[in-house]
Amino acid sequence: MKKGLFITFEGADGCGKTTQLNLIAEYLKAKGFDILLTREPGGKGLGEKIREILLNYDGVVSDRCESFLFLADRAQNIDTIINPAVEQGKIVLCDRHTDSTVAYQGRGRGLDINRINYLNNIATNGRTPDLTLVFDVDIETSNKRVGAEKDRMESSGDEFFNRVRTGYLELAKSEPDRIKVIDATKSVEDVHKQVVKIVETKISNL
Ligand code: TYD
């Protein structure tokens, strides 16, 4: 495969996307594809430092400051990790990306979505994912999976979770070609099968 592919994994907290990202990475590697894994916030290097602030800083973080930190991390991830790998023909699997900012800072925190889209576009320099998987779970499933120890973002409450979840479902409705919703309440094996089917279809249409 000469042409690279950029796939993002999205969903509210506790949706199980990271487990699924690792499973599909192994599946694709076994088939001989060149895979690169990254995540937002915190690909590596500077990104890890930004992640540390975003998840663990215990002072006041304004909603706009939070957005800019996620966006700064995204610009770094695009410029130093994602773009070079896609240009080398790799399949890049990214744990969260632009849709997280729309769902969390836009729908969750209530910031203007048009402004977030504009800023996302600056952060990505216009690159958009070829495919986005949204792992959809209800609040009960999420709470069970996240457990009692919550980071700063996970401590935002049930209403916040539901706004984020709705945000993702709205995004999927508005961009059905790029964004596929997966029922992530099912078992790890069942969800993996759904992921394989969607990713295989994408690869075969390249
Ligand atoms: P992380 O530990 O990576 O959570 P998860 O395993 O659920 O992906 O933490 C990332 C947190 O940051 C998560 O709560 C979602 C949030 N987030 C935003 O609010 N906006 C963003 O743009 C991104 C990338 C993440």
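Here, every reference points to the structure presented above.
Once a new chain begins, its residue numbering starts again from 1 and follows that chain's sequence as written. With pLDDT at 70 or above as the cut-off, local features in this predicted model cover only qualifying residues; side-chain atom pairs require 80 or more to be listed or tallied, and sums for whole chains, interfaces and linings still use all residues. Excluding hydrogens and water, the side-chain values take into account all heavy atoms of the structure.

J.: Could you clarify how one ought to interpret the sheet that holds strand 1 (residues 5-10) in this entry?
T.: Strand pairing within a sheet occurs via backbone hydrogen bonds; the two strands may be parallel or antiparallel. The sheet built from five strands is open, its strands ordered 2-3-1-4-5 with parallel pairing. Sheet topology places strand 2 (35-39) and strand 5 (179-183) at the edges, where each strand pairs with a single neighbour. On average, adjacent strands in this sheet sit at an angle of 20 degrees to one another, irrespective of strand direction. Between any two strands, pairing holds if DSSP finds at least two bridges. By definition, any uninterrupted DSSP run of H or I lasting at least four residues is a helix, any uninterrupted run of E lasting at least two residues is a strand, and each is numbered from the N terminus. In this sheet, strand 5 lies alongside strand 4 (residues 131-136) in parallel orientation, the contact comprising five bridges. Under this scheme, a helix contributes an axis fitted over its contacting stretch, all axes are lines through C-alpha atoms, and angles between N-to-C directions fall in the 0 to 180 degree range.

J.: What am I meant to see in helix 1 (residues 17-30) here?
T.: For helix 1, built from 14 residues, the straight-helix expectation of 20 Å at 1.5 Å per residue is met to within 8% by its first-to-last C-alpha distance of 20 Å. Among the residues of helix 1, those classed as buried are Lys17, Gln20, Leu21, Ile24, Ala25 and Leu28. For helix 1, the angular spread of the buried residues around the axis is 140 degrees, confining them to a single face. Contacts are assigned to residue pairs that have any heavy atoms within 4.5 Å of one another. Structurally, helix 1 contributes buried residues whose contacts are with strand 1, strand 2, strand 3 (91-95), strand 4 and helix 8 (188-204). Residue Gly32 follows helix 1 closely and has a positive phi angle near 95 degrees. Here the expected length of a helix is defined as 1.5 Å per residue gap, with one fewer gap than residues. A simple rule labels every residue: compare its accessible area, found with a 1.4 Å probe on the protein chains alone, to the largest value its type can have, and call it buried under 20%, exposed over 50%, or partly exposed in between. Taken from the helix axis, the directions to the C-beta atoms give the arc we talk about.

J.: Just checking my understanding: could you explain the site of the ligand for this structure?
T.: Here a residue is considered near a molecule or strand provided that any single heavy atom belonging to it is located within 4 Å of it. By nearness alone, 16 residues border the ligand, and Lys17, Arg51, Arg96, Thr101 and Gln105 come closest of all. With respect to the ligand, the side chain of Asp13 contributes an N or O atom lying 2.9 Å from an oxygen atom. Notes on the ligand: free accessible area 540 Å², of which the protein chains cover 90%. A majority-of-atoms criterion places the ligand in the largest pocket. Elements supplying a minimum of two residues to the shell around the ligand: helix 1, helix 2 (46-56), helix 3 (63-87) and helix 4 (98-108). Sorting elements by how many residues they give to the shell around the ligand places helix 4 first, with four residues. For the shell around the ligand, the class distribution of residues is five nonpolar, four polar and seven charged. Any pair of nitrogen or oxygen atoms within 3.5 Å is treated as a polar contact; in protein, a donor-acceptor pairing is required on top of that, and neighbouring residues in sequence qualify only through side-chain atoms on both sides. Surface accessibility in these figures is a Shrake-Rupley result with a 1.4 Å probe; residues are shielded only by whichever protein chains are displayed. Cavities and pockets are defined on a 1 Å grid built over the protein atoms alone: a cavity is a set of grid points where a 1.4 Å probe fits but cannot escape, while a pocket is an open set with protein on both sides within 12 Å along at least five of seven lines, and lining residues are those with an atom within 4 Å of any such point. Think of it this way: a molecule belongs to a cavity or pocket when more than half its atoms come within 2 Å of the grid points there. Classification convention: Asp, Glu, Lys, Arg as charged; Ala, Val, Leu, Ile, Met, Phe, Trp, Tyr, Cys, Pro as nonpolar; all other residues, Gly among them, as polar.

J.: Can you walk me through the pattern of salt bridges in this structure?
T.: Close approach of charged atoms allows side chains of opposite charge to pair. Any carboxyl oxygen of Asp or Glu within 4 Å of a side-chain nitrogen of Lys or Arg constitutes a salt bridge here. One pass over the full model with this rule turns up 14 salt bridges. Among the ionic pairs, Lys31 bridges to Glu200, the shortest N-O distance being 2.8 Å. Pair noted here: Lys31 is in the loop between helix 1 and strand 2 and Glu200 is in helix 8, with a separation of 169 residues, a long-range link. Of the residues examined, Lys31 reaches a relative accessible area of 48% and is grouped as partly exposed. Judged by relative accessible area, which is 24%, Glu200 ranks as partly exposed. What you see here is one network of salt bridges that share partners, running through Asp63, Glu66, Arg109 and Arg152.

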